[in-house]
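# Coordinate analysis (summary)
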Amino acid sequence: MSTEQQHSAARLVDRRPTISGTEIVATLVPPRQFDHASFESYRPDPDHPSQAEARDLLQAFAGSGAPAARSGGLFGFGRKKQAAPVEAPKPGVYLDGGFGVGKTHLLAATWHATAGRKYFGTFIEYTALVGALGYAGAVGVLQGARLICIDEFELDDPGDTMLMTRLIGDLTSTGSRIVATSNTPPNALGEGRFAASDFMREIQAMSDRFRTIRIDGVDYRQRDIQGDARVLEPDAYRFALADVAASGERMTDDDFSELTAHLATVHPSAYSGLLTGVDCIGLRDVHELTDQSAALRFVAFIDRVYDAQIPIRATGVSLTSIFGGGMIDGGYRKKYLRCISRLNALTASETAA
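Scope of this entry: the structure provided in the associated data block. Worth saying up front: this structure is predicted, and the values here are computed from it rather than measured. (Residues numbered from 1 in each chain as written. Predicted model: local features only at pLDDT ≥ 70, side-chain atom pairs only at ≥ 80, totals over all residues. Heavy atoms only, no water.)

### Re the overall build of the chain
Our working rule: Secondary structure elements are taken from DSSP: a helix is a run of H or I of four residues or more, a strand is a run of E of two residues or more, and numbering for both begins at the N terminus. Here's how the labels work: a residue is buried when its accessible area is under 20% of the maximum for its type, exposed when over 50%, partly exposed in between, all with a 1.4 Å probe on protein chains only. Note on definitions: a residue-residue contact is assigned when non-hydrogen atoms from the two residues lie within 4.5 Å. Per-residue and other accessible areas were derived by the Shrake-Rupley procedure at a 1.4 Å probe size, with only the shown protein chains allowed to occlude residues.
Tallying secondary structure elements over the chain gives 12 helices and 8 strands in all. Looking at the chain residue by residue over its 353 residues, the buried ones come to 50%. Pairs at least 24 apart in sequence give 84% of the contacts found in the chain among residues at least 6 apart. For the chain, the exposed surface amounts to about 15800 Å²; the carbon and sulfur share of it is 51%.

Below is the structure:
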């Protein structure tokens with residue numbers, strides 16, 4: 001492929017998608033790779049019994065309208081077997097665990113198993129809905145839903161925490177049930193980042209509405225992957241562009257610096273609009289990121305790429321080593337590690353399976 005042909009390929013930086021509140025509501029369904037997720041298709045790791053226990057508890061929650069009651073703590077650990085007062089079931093379940101242990105699969109399975117009006121979205125999609133419709137408008141849309149699923153419950157600032165806590169309170173008070181996933185339990189959200197007393201109070205208020213389930217295991221995305229994200233030499237990258245074009249699919253071609261700058265001009269809730277019709281993403285001259293805001297925007301972008309299961313081909317440094325300047329050891333460590341896990345999978349083969 002000539003330089004002229006390469007530069008004629010579609011570029012993500014030429015797209016400027018926007019998204020309305022109505023469009024956000026229409027997208028509040030599980031990502032397409034979880035279209036058929038079920039409790040039956042979830043394969044718990046026998047070496048990690050918490051996976052099967054989490055599946056069983058969520059299955060009971062989906063079927064009965066409340067988490068199954070158990071005595072002796074969350075999974076019966078740490079307490080003597082004795083009669084205990086019966087507590088009213090909490091309206092929410094919070095699935096806490098590491099990367100790639102099947103949390104989103106179980107969340108989608110709960111969504112599919114629940115009858116009635118229901119919504120499934122990421123934390124950022126719900127906050128974007130409030131931004132588009134206003135708080136009262138968002139409550140008006142979501143209120144009365146039987147189930148609200150919130151994926152990737154990782155908070156970046158106290159304002160968002162208070163907003164989501166208020167939203168959860170208003171929705172559960174009118175009968176909606178909540179299931180959320182995160183890599184951090186609700187009483188630890190914001191730990192190491194924010195010390196404001198009102199922020200910590202809001203976290204506790206949110207935590208009180210959830211029953212937390214801890215799920216352990218090995219990242220399934222890494223089980224057959226070794227080393228860093230795959231890097232292509234410039235000639236191999238050009239051949240990849242030509243091969244995808246010859247197959248009738250569409251591969252974009254962007255300079256990494258230009259793309260990270262462009263992401264600052266698009267609201268994260270509209271990042272999925274950048275990917276419409278894209279079958280493969282090409283990134284040239286990948287380099288280390290030292291600006292935290294740019295890094296977090298790229299994390300949000302990769303979350304949408306992973307949801308759409310679009311493979312990435314890249315030149316430069318490995319995408320799994322782009323978070324520099326000590327960021328990987330800071331307050332957003334878990335976000336960056338999740339992104340690294342996804343980048344490894346997206347660059348590992350010809351398809352992002």
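More follows now that the structure is in view.
### Quick word on the nonpolar core
In summary, soluble globular proteins display a tendency toward joint burial of nonpolar side chains. Here is the rule: Joining through side-chain atoms within 4.5 Å is the link that ties buried Ala, Val, Leu, Ile, Met, Phe, Trp, Tyr and Cys residues into a set, and such a set is a nonpolar core.
Residues Ile281, Leu283, Phe298, Phe301, Ile312 and Leu319 are the most contacted members of the largest nonpolar core, which totals 40 residues. Mapped onto this core, the elements with two or more residues apiece are helix H9 (256-263), helix H10 (271-274), strand E7 (280-286), helix H11 (292-308), strand E8 (312-316) and helix H12 (333-346). No other element matches H11, which puts 10 residues into this core. Ignoring sequence-local partners within four residues, the contact set of isoleucine 281 consists of Leu12, Met251, Thr252, Leu275, Phe301, Val305, Ile310, Pro311, Ile312 and Arg313. Among the nonpolar cores identified, the runner-up in size contains 25 residues, and Tyr119, Ala128, Met164 and Ala180 belong to it.

### Comments concerning the sheet that holds strand E2 (residues 118-122)
Stated precisely, the cut-off is as follows: Strand pairing requires that DSSP identify at least two bridges connecting the strands. Note on definitions: angles span 0 to 180 degrees between N-to-C directions of axes, and those axes are lines fitted to C-alpha atoms, for helices only across the stretch in contact.
If you walk across this open sheet you meet the 5 strands as E2-E3-E4-E1-E5, and the pairing is parallel. With partners counted over all chains shown, the strands left at the sheet margins are E2 and strand E5 (210-215), one partner each. Averaged over all pairs of adjacent strands, the angle between their axes in this sheet comes to 15°, without regard to strand direction. Alignment of E2 against strand E3 (residues 147-151), held across 5 bridges, turns out to be parallel. The residue of E3 that forms the bridge with lysine 118 is leucine 147. Along the sheet, helix H5 (residues 123-142) contacts E2 and E3; its crossing angle with E2, the most-contacted strand, is approximately 145°.

### Topic: the sheet that holds E8
Two pairing modes exist for strands in a sheet, parallel and antiparallel, and in both the strands are linked by backbone hydrogen bonds. If you trace the 3 strands from one edge of the open sheet to the other, you get E6-E7-E8, paired in parallel fashion. Every interior strand has two partners, whereas the edge strands, strand E6 (251-255) and E8, have only one. Ignoring which end each strand starts from, the neighbouring axes of this sheet average 15° apart. Note: E7 against E8, 4 bridges, orientation parallel. If you follow glycine 282 over to E8, its bridge partner there is arginine 313.

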